[in-house]
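Okay, here's what each chain looks like letter by letter:
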Amino acid sequence: METKTNEFGFVTFDNAPISPLVVIETSLPMFSFFRAPITNTQPHSRATLRQIYNAIKGDYYKEQTDKLRTITDPQHARKFKAQNFDYCTFSGIFTTRSDKAMLRHSKLICFDFDNIENLNALRFQLQTDEYLNTQLLFTSPSGNGLKWIISIDANAHTHADYFNAIADYLKRTYNVEIDKSGKDLSRACFLPHDPHCYINTYQLMNTIK
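A look at the overall build of the protein chain
- Counting its regular elements, the protein chain contains six helices and 12 strands.
- Here the protein chain holds 209 residues, and 47% of them are scored as buried.
- When contacts within the protein chain are restricted to residue pairs at least 6 apart in sequence, long-range pairs at least 24 apart make up 66% of them.
- Carbon and sulfur atoms form 48% of the exposed surface of the protein chain, whose accessible area is close to 10,600 Å².

In structure tokens form, the structure reads like this:
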């Protein structure tokens, strides 16, 4: 695998862990996958939850993640993350990263929880929630938050309506706030290393590896 060195003196891969896919007609959700840096708004491929789960749980993003968590300056950390982490737009397939460029909604929505005091407690609550169906759940690149992807019926209500209703439910039920920028259809979600990443069993058994 070819590598290169960026402005941080950090080795990055020219090849992403998600190979380009030609398949689109599937009953399982698919969405756009982008290679770093964040300024790259052209999708590299279409991906499945199983592929992202494998990339996060494996060691592909371990070096980037470990390095990020040693950076104490917030501005430097944000810049490092933007330059070195691949990302997804979990809510759909796009021709470019813009709400207006969506080709198809994935029937997924991603919620971002920052600065959580007890990650394990919230992780358990989200995984076992009786009303919301967790599809993927992992620790954020910074290590102090969670990324939570759940399924929705995009034909029944708008993406924004779901976001607002679920945000209100989470506040009332678990007393947690979510990042409001997640309301955007094309919201970028950075992909870290998390050996404890959770995936819904149905996704694990039935989707493309």
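Comments concerning the pairing of strand 10 (residues 146–151)
- Of all six residues in strand 10, five are buried; the element is thus mostly enclosed.
- Pairing analysis gives six bridges linking strand 8 (residues 108–113) to strand 10, with the strands arranged antiparallel. Residue pairing in the sheet places I109 in a bridge with I150 of strand 10.
- Note: strand 9 (residues 134–139) against strand 10, five bridges, orientation antiparallel.

A few points about the sheet that holds strand 10
- Here we have four strands laid out as an open sheet, ordered 8-10-9-12, and antiparallel in their pairing. Every other strand in the sheet has two partners, leaving strand 8 and strand 12 (198–199) as the edge strands with one partner each.
- Docked against the sheet, helix 1 (residues 49–57) engages strand 8, strand 9, strand 10 and strand 12, running at close to 20° with respect to strand 9.
- Contacting strand 8 and strand 10, helix 5 (residues 159–174) runs over the sheet at an angle of about 40° to strand 8.

Regarding the environment of A160
- When you line up the elements, A160 lands in helix 5.
- Classification of A160 by relative accessible area gives partly exposed; the value is 29%.
- Sequence spacing of A160 and I109 is 51 residues, and the spatial spacing of their C-alpha atoms is 9.9 Å.

A few points about the environment of T48
- In this structure, T48 sits in strand 4 (residues 45–48).
- What makes T48 buried here is its relative accessible area of 1%.

Here's the deal with the pattern of salt bridges
- The final tally for this structure, using the stated rule, is seven salt bridges.
- Here R172 ties to D168 by a salt bridge, and the two come within 2.9 Å at their closest N and O atoms. Taken as a pair, R172 and D168 lie in helix 5 at a separation of four residues, close to a single helical turn.
- On the basis of relative accessible area, R172 is assigned to the exposed category, the value being 58%.
- Between E177 and K171 there is a salt bridge, with its nearest N and O atoms 3.1 Å apart.
- For E177, a relative accessible area of 45% gives the class partly exposed.
- According to the relative accessible area criterion, K171 is partly exposed, its value standing at 35%.
- One continuous salt-bridge network, built from bridges that share partners, spans K171, E177 and K180.

Some points on unusual backbone geometry
- With an omega of 5°, the peptide bond running from A36 to P37 counts as cis.
- By the element assignment, P37 lies in the loop between strand 3 (30–34) and strand 4.
- A positive phi angle, close to 55°, is found at N115, a residue other than glycine.
- Secondary-structure assignment places N115 in the loop between strand 8 and helix 4 (119–127).

Rules behind the numbers
- Residues numbered from 1 in each chain as written.
- Predicted model: local features only at pLDDT ≥ 70, side-chain atom pairs only at ≥ 80, totals over all residues.
- Heavy atoms only, no water.
- Helix = DSSP H or I, 4+ residues; strand = E, 2+ residues; numbered from the N terminus.
- Buried < 20%, exposed > 50% of the residue type's maximum accessible area, 1.4 Å probe, protein only.
- Contact = heavy atoms within 4.5 Å.
- Areas by Shrake-Rupley, 256 points an atom, 1.4 Å probe, with all protein chains shown as cover.
- Pairing = 2+ DSSP bridges.
- Axes fitted to C-alpha atoms, helices over the stretch in contact; angles between N-to-C directions.
- Salt bridge = Lys/Arg side-chain N within 4 Å of Asp/Glu carboxyl O.

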